[in-house]
Amino acid sequence: MTDFNPESLASIGPKEFAQLVKTTPDSQIAEVMAGDARTKILDEVFNRMPTLFRAEKAGNTSAVIHWIITGGAGGASDTYETVIENGACTVTNQPAREPKLAMTMDPVTFLKVVSGDGNPMMMFMTGKIKAKGDLGLAANVAKLFDIPKA
């Protein structure tokens, strides 16, 4: 499968998705993520987060994380909220709580992070990811999820 679109995304697992991100040129991902499919793709990725959450790694972690994905139509950003508490992870695209951590990145960087195709610490160091708030939490977010490897 080589077609990067919401329909194919809905029918594949995390490992296949990771492979798709890895093999799709950044320019093509950026183009798709600047179009009509953006919201469907982001929703699909965020809706999977609770199923990939590793409660045993979270322990008693309690955190609200805002993911701010830039590069939308007309320069708009989309903000999703991940809440980790009581050994569970919930996600909404209607942020309502004060974040302990807010991370801003473009859609290509975001998809590379969630598909295991990029090193989040290097992306932070090189300015591809901007983080505000609990940087210790930022350094450990990836460990809280079963991120596929392509």
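Here goes a summary of the coordinates provided. Residue positions are given per chain, counted from 1 along the sequence in the order it is written. Per-residue local features are limited, in this predicted model, to residues with pLDDT of at least 70; the limit for side-chain atom pairs, both in listing and counting, is 80 or more; totals at the level of whole chains, interfaces and linings are taken over all residues. With hydrogens and water set aside, each side-chain value is computed from the structure's full complement of heavy atoms.

**Comments concerning the sheet that holds strand β4 (residues 101–105)**
Phase 1: At least two DSSP bridges between two strands are required for those strands to pair. A run of H or I in DSSP counts as a helix once it spans at least four residues, and a run of E counts as a strand once it spans at least two, with each numbered from the N terminus. On the basis of which strands lie adjacent, the open sheet formed by five strands has the order β3-β2-β1-β4-β5 and mixed pairing. Either end of the sheet is taken by a strand with one partner, and the two such strands are β3 (88–92) and β5 (129–133). Taken pair by pair, the neighbouring strands of this sheet meet at an average axis angle of 20°, ignoring direction.
Phase 2: Bridge count for strand β1 (residues 63–69) against strand β2 (residues 78–85) is seven bridges, and the pairing is antiparallel. Its bridge partner lying in β2, I68 is registered against T79.
Phase 3: What makes two residues a contact is simply this: any of their non-hydrogen atoms within 4.5 Å. Throughout, an axis means a line fitted to C-alpha atoms (over the contacting stretch in the case of helices), and angles, computed between N-to-C directions, take values from 0 to 180 degrees. Here helix α4 (residues 38–52) sits on the sheet and contacts β1, β2 and β3; the angle it forms with β2, its principal contact strand, is near 5°.

**Side note on the pattern of salt bridges**
Phase 1: Salt-bridge detection follows one rule: a side-chain nitrogen of Lys or Arg within 4 Å of a carboxyl oxygen of Asp or Glu. According to the stated counting rule, one finds seven salt bridges in the structure shown.
Phase 2: Notably, a salt bridge pairs K112 with D26, separated by 3.1 Å at the nearest N-O pair. One end of the pair, K112, is in helix α6 (residues 107–114); the other, D26, is in helix α3 (residues 26–33), with 86 residues separating them in the sequence.
Phase 3: K100 is paired through a salt bridge with D134; the nearest N and O atoms lie 3.9 Å apart. Highlighted residues: K100 in the loop between β3 and β4 and D134 in the loop between β5 and α8 (135–140), separated in sequence by 34 residues.
Phase 4: Throughout this description, buried means an accessible area under 20% of the type-specific maximum (1.4 Å probe, protein chains only), exposed means over 50%, and partly exposed covers the range between. Looking at D134, the relative accessible area reads 27%, which means it is partly exposed.
Phase 5: Residues participating in the shared-partner salt-bridge network are D26, K112 and D117.

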